Amino acid sequence: MLACPGRCSKSGDRTVQDGQSFDYIIVGAGSAGCVLANRLSESGRNSVLLLEAGGKDDSFWIHIPIGYGKTIVDERVNWKFQTEANPALGGRTIYWPRGKVLGGSSSINGLIYIRGQAEDYDHWRQLGNVGWSYQDVLPFFKKAENQENGADAYHGADGPLRVTNLRERNPLCDAFIGSAQSQGIPRNDDFNGARQEGAGYFQATVRNGRRESAATAYLRPAMRRPNLTVLTRAMTEKVLLERQKATGVQFRHEGRMVTAKANREVILSAGSVKSPHLLMLSGIGNAGHLAQHGIAPVLDLPGVGQNLQDHYGGQITWKCNRAITMNDVMMSRFRQLQVGLQWLLMRRGPLSVPAGQAALFARVLPDSATPDLQFLFQTFSGGYYEDGLFKFSGFANFLCPVRPNSRGQITLSSADAHAQPRLEPNYFSDERDRRIAVEGLKLARRMAASKPLADFVIEEHLPGSATATDQEIEDYLVQNGGCVSHQVGTCKMGTDAMAVVDPQLRVRGVEGLRVVDASIMPTLISGNTNAPTIMIAEKAAATIQGQAA
């Protein structure tokens, strides 16, 4: 082991000395950062430093799929952000779980593999983002994917990320799909194939009954490379800039401030909250806003932290007439032991499934050309996050508009890098978003009243039959809704004045600095965001290295 005189930090048997240089410095070992660390160190020619503010992904609950119920509220692996009061929600604040651990949010999320609609990416291209149409990004989805069903025109089978079918299928899910068909919604056995519209089963990032995060898929195989250094519990506080060129970063590790130099690039992959936050702390952002917090502006880039988008919606829950839900498992010590042994011995059973087992993507407004609504069907029912499951047999549908028009922002609360920034999502401020959600809840009711799902229903629990008019439904969603933490857009890719990065993901006006994570999405894709974030990183790595897919 190298001696460590003066200021330095250690990562296992690796040492990062103060002032040490690397070809690439990646900030954030989340879904994007793990991909970049693997791909940029793959040739052996580049030295790469990966900095993660959180710790190692060694918690048991990270690797058991059902463990998201624990990690989603565990401050040891979670930033546990809280928004400011939302005006359109009557002043409510909303909890944002975000991964603070190797793998980032891919280590604590619901494990659902959804890419969005082809039209989402074609829209990005129409906004001026050359190279980001669906046909442009599809090769990178395929490059990432290790698809259980094999390769075809839409899927890859040789990538690092294992994507699998659900091994456990609850009869409630089959009934949900059947009742969707009774409402004229087609069955869809591949939401990531030729079309998204329809009802069917999710696929999940699960390998042999265990969570497949970006850390297990991409980072773990690369960790032994001598040219890759991974440092955990390293909180990056600033990007170092000289004459509008990124030259390195300052990070705090084990109580010491350490400087690392970048020979080629600094890449921010800290997510839609921390990437814009770090830019602002480094003097890149709205000059007036930075000055208000005593930060000397280096580059006036007004789009930093703007364009915030997320999926906000609400749930409808029912009491079930059969003891086949996760609520029933959690109410019985014997059944808990039974399913625990089932997972430990065979990697099967209710503990091996993602947060939602079945889904629906449908059009509920007459002028929508593609699905405008998502259902996340769950074989359990309860409150949000820390509220726990209800003490009766129950199941639920979480519904949300897939392409919300509501826009928010992230701004500084202070110049302290360790202080949470101000998170103002402005949920439900758009009238169309509210209409879609209301119509979505009405569709869920029609489905529950039709066979075969109706055969499982005792009664609607929330919001209950007393909530009948459109206004009453909207009020319920305002007062009781939540988000599914798909925050994007705060370092928008584009060519307009509010764009933060260009289509190569380079920060506009700064040499040697990129942002590569969900924050670069100009608009929110129609579904869960983990798979698209991994695709973005695959594409960025190829761009940086001058490679084709």
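For clarity, every value in this text was computed on a predicted model and none was experimentally measured.

A.B. asks: Break down the packing of aromatic side chains for me, with residues and values.
C.D. replies: One pass over the full model with this rule turns up 14 aromatic pairs. Aromatic side chains Y121 and W124 sit 5.0 Å apart centroid to centroid with 75° between the ring planes, which places their arrangement in the edge-to-face category. Of the two residues, Y121 and W124 both sit in helix 4 (residues 118-126), 3 residues apart, roughly one turn of that helix. Judged on exposure class, the residue Y121 and its partner W124 are both buried. Ring geometry for F390 against F392: centres 5.5 Å apart, planes inclined by 15°, an arrangement best described as stacked. Residue classification places F390 among the buried positions, given a relative accessible area of 19%. A relative accessible area of 22% places F392 in the partly exposed class. An aromatic cluster is built from Y121, W124, W132 and F141, whose rings are joined through pairwise contacts. The ring of F392 is capped by K319, whose NZ or CZ atom sits 5.0 Å from the centre of that ring. Directly above the ring of W132 sits K539, whose terminal nitrogen or CZ lies 4.4 Å from the centroid.

A.B. asks: Pulling in residues and values, what's your account of the state of the cysteines?
C.D. replies: For the structure on display, the rule yields 0 disulfides. With no disulfide of its own, C173 lies closest to C320 among cysteine sulfurs, the gap being 11 Å. The exposure class assigned to C173 is buried, which follows from its relative accessible area of 0%.

A.B. asks: Could you give an account of the pattern of salt bridges, with specific residues and numbers?
C.D. replies: All told, the structure shown has 25 salt bridges when counted by the stated rule. For D74, the salt bridge identified is with R76, shortest N-O distance 2.9 Å. For D74, a relative accessible area of 14% corresponds to the buried category. The shortest N-O distance in the salt bridge between R422 and E424 comes to 3.5 Å. Owing to a relative accessible area of 24%, E424 belongs among the partly exposed residues under this scheme. A single network of salt bridges, built from pairs that share partners, joins R39, E42 and E538.

A.B. asks: Can you break down the pairing of strand 14 (residues 228-231) residue by residue, with the values?
C.D. replies: Of the two faces of strand 14, the one lined by L228 and V230 and the one lined by T229 and L231 are each fully buried. Two elements, strand 4 (residues 48-51) and strand 14, share 4 bridges in a ladder whose sense is parallel. Pairing of V48 across the sheet is with L228, part of strand 14.

A.B. asks: Provide a residue-level description of the environment of Q306, including the pertinent values.
C.D. replies: You can see Q306 is positioned in the loop between strand 19 (299-300) and strand 20 (312-320). By relative accessible area, which is 22% here, Q306 ends up partly exposed. Sequence separation between Q306 and Q117 is 189 residues, and the spatial gap between their C-alpha atoms is 24 Å. Beyond its immediate chain neighbours, meaning those up to four positions away, Q306 contacts G408, Q409, G489, T490 and M498.

A.B. asks: Would you mind going over helix 5 (residues 134-144) in detail, with residue names and values included?
C.D. replies: Looking only at helix 5, the buried set comprises Y134, V137, L138, F140, F141 and A144. Check the buried side of helix 5 and you find it contacts strand 7 (112-113), helix 4, strand 8 (145-147), strand 9 (161-165), helix 7 (214-222) and helix 14 (530-544).

A.B. asks: Quick rundown of unusual backbone geometry? Include the residues and the values.
C.D. replies: Cis peptide bonds are those with omega within 30 degrees of zero, and the linkage from K451 to P452 qualifies with 10°. Residue placement: P452 occurs in the loop between helix 12 (431-448) and strand 26 (457-462). Cis peptide bonds are those with omega within 30 degrees of zero, and the linkage from L462 to P463 qualifies with 0°. Here P463 shows up in the loop between strand 26 and helix 13 (470-480). Phi at R233 takes a positive value of approximately 55°, unusual for a residue other than glycine. Mapping R233 onto the fold places it in the loop between strand 14 and strand 15 (234-241). With relative accessibility at 54%, the residue R233 sits in the exposed group. Despite not being glycine, L505 shows a phi value in the positive range, around 70°. Relative to the helices and strands, L505 resides in the loop between strand 27 (482-483) and strand 28 (513-515).

A.B. asks: Summarise the packing of helix 1 (residues 31-41) against helix 7; cite the residues concerned and give the values.
C.D. replies: Two numbers describe how helix 1 lies on helix 7: the axes approach to 8 Å, and their chain directions differ by 30°. In terms of orientation, helix 1 lies roughly parallel with respect to helix 7. Helix-helix and strand crossings are classified by hand; for helix 1 and helix 7 the assignment is left-handed. Residues S31, C34, V35, A37, N38, R39 and S41 of helix 1 touch helix 7, and the partners they reach there are A214, A215, Y218, L219 and A222. Per-class residue counts for the contact of helix 1 with helix 7 are 8 nonpolar, 3 polar and 1 charged.

A.B. asks: Run through helix 7, naming residues and quoting values.
C.D. replies: Here helix 7 has its buried residues at A214, A215, A217, Y218, L219 and A222. One side-chain oxygen at the N-terminal end of helix 7 lies 3.1 Å from the backbone nitrogen of A215; it belongs to S213.

A.B. asks: If you had to explain a nonpolar patch on the surface to someone new, which residues and values would you point to?
C.D. replies: A cluster of nonpolar side chains, F60, W61, L337, L341, L344, L345 and M346, forms an exposed patch at the surface whose accessible area comes to about 750 Å². Secondary-structure assignment places W61 in helix 2 (residues 60-63).

A.B. asks: Summarise the confidence of the model for the chain; cite the residues concerned and give the values.
C.D. replies: Per-residue confidence for the chain gives a mean pLDDT of 96; residues scoring 70 or more make up 97%. This stretch, residues 1-6, has a pLDDT under 50; its non-local contacts, to residues over four places away or in other chains, come to 8 contacts.

A.B. asks: Just give me the short version of the environment of F390, but keep the residues and values in it.
C.D. replies: Its location among the elements puts F390 in the loop between strand 22 (373-378) and strand 23 (394-401). Put simply, F390 and Q487 are 97 residues apart on the chain and 28 Å apart in space, counted from C-alpha to C-alpha. Contact partners of F390, with chain neighbours within four places excluded, come to T317, N327, S381, G382, G383, H461 and L462.

What counts, and at which threshold
- Residues numbered from 1 in each chain as written.
- Predicted model: local features only at pLDDT ≥ 70, side-chain atom pairs only at ≥ 80, totals over all residues.
- Heavy atoms only, no water.
- Phe/Tyr/Trp six-rings, centres within 6.5 Å; stacked < 30°, edge-to-face > 60°.
- Helix = DSSP H or I, 4+ residues; strand = E, 2+ residues; numbered from the N terminus.
- Buried < 20%, exposed > 50% of the residue type's maximum accessible area, 1.4 Å probe, protein only.
- Lys NZ or Arg CZ within 6 Å of the ring centre and 35° of its normal.
- Disulfide = S-S within 2.5 Å.
- Salt bridge = Lys/Arg side-chain N within 4 Å of Asp/Glu carboxyl O.
- Pairing = 2+ DSSP bridges.
- Contact = heavy atoms within 4.5 Å.
- Axes fitted to C-alpha atoms, helices over the stretch in contact; angles between N-to-C directions.
- Parallel < 35°, antiparallel > 145°, perpendicular 65-115°, else oblique.
- Left-handed = near helix turned anticlockwise from the far one by under 90°.
- Nonpolar A, V, L, I, M, F, W, Y, C, P; charged D, E, K, R; others polar.
- Polar contact = N/O pair within 3.5 Å; in protein donor to acceptor, adjacent residues only side chain to side chain.
- Patch = residues over 30% accessible without salt bridge, like charges linked within 9 Å, V, L, I, M, F, W, Y side chains within 5 Å.
- Areas by Shrake-Rupley, 256 points an atom, 1.4 Å probe, with all protein chains shown as cover.
- pLDDT = per-residue confidence, 0-100.

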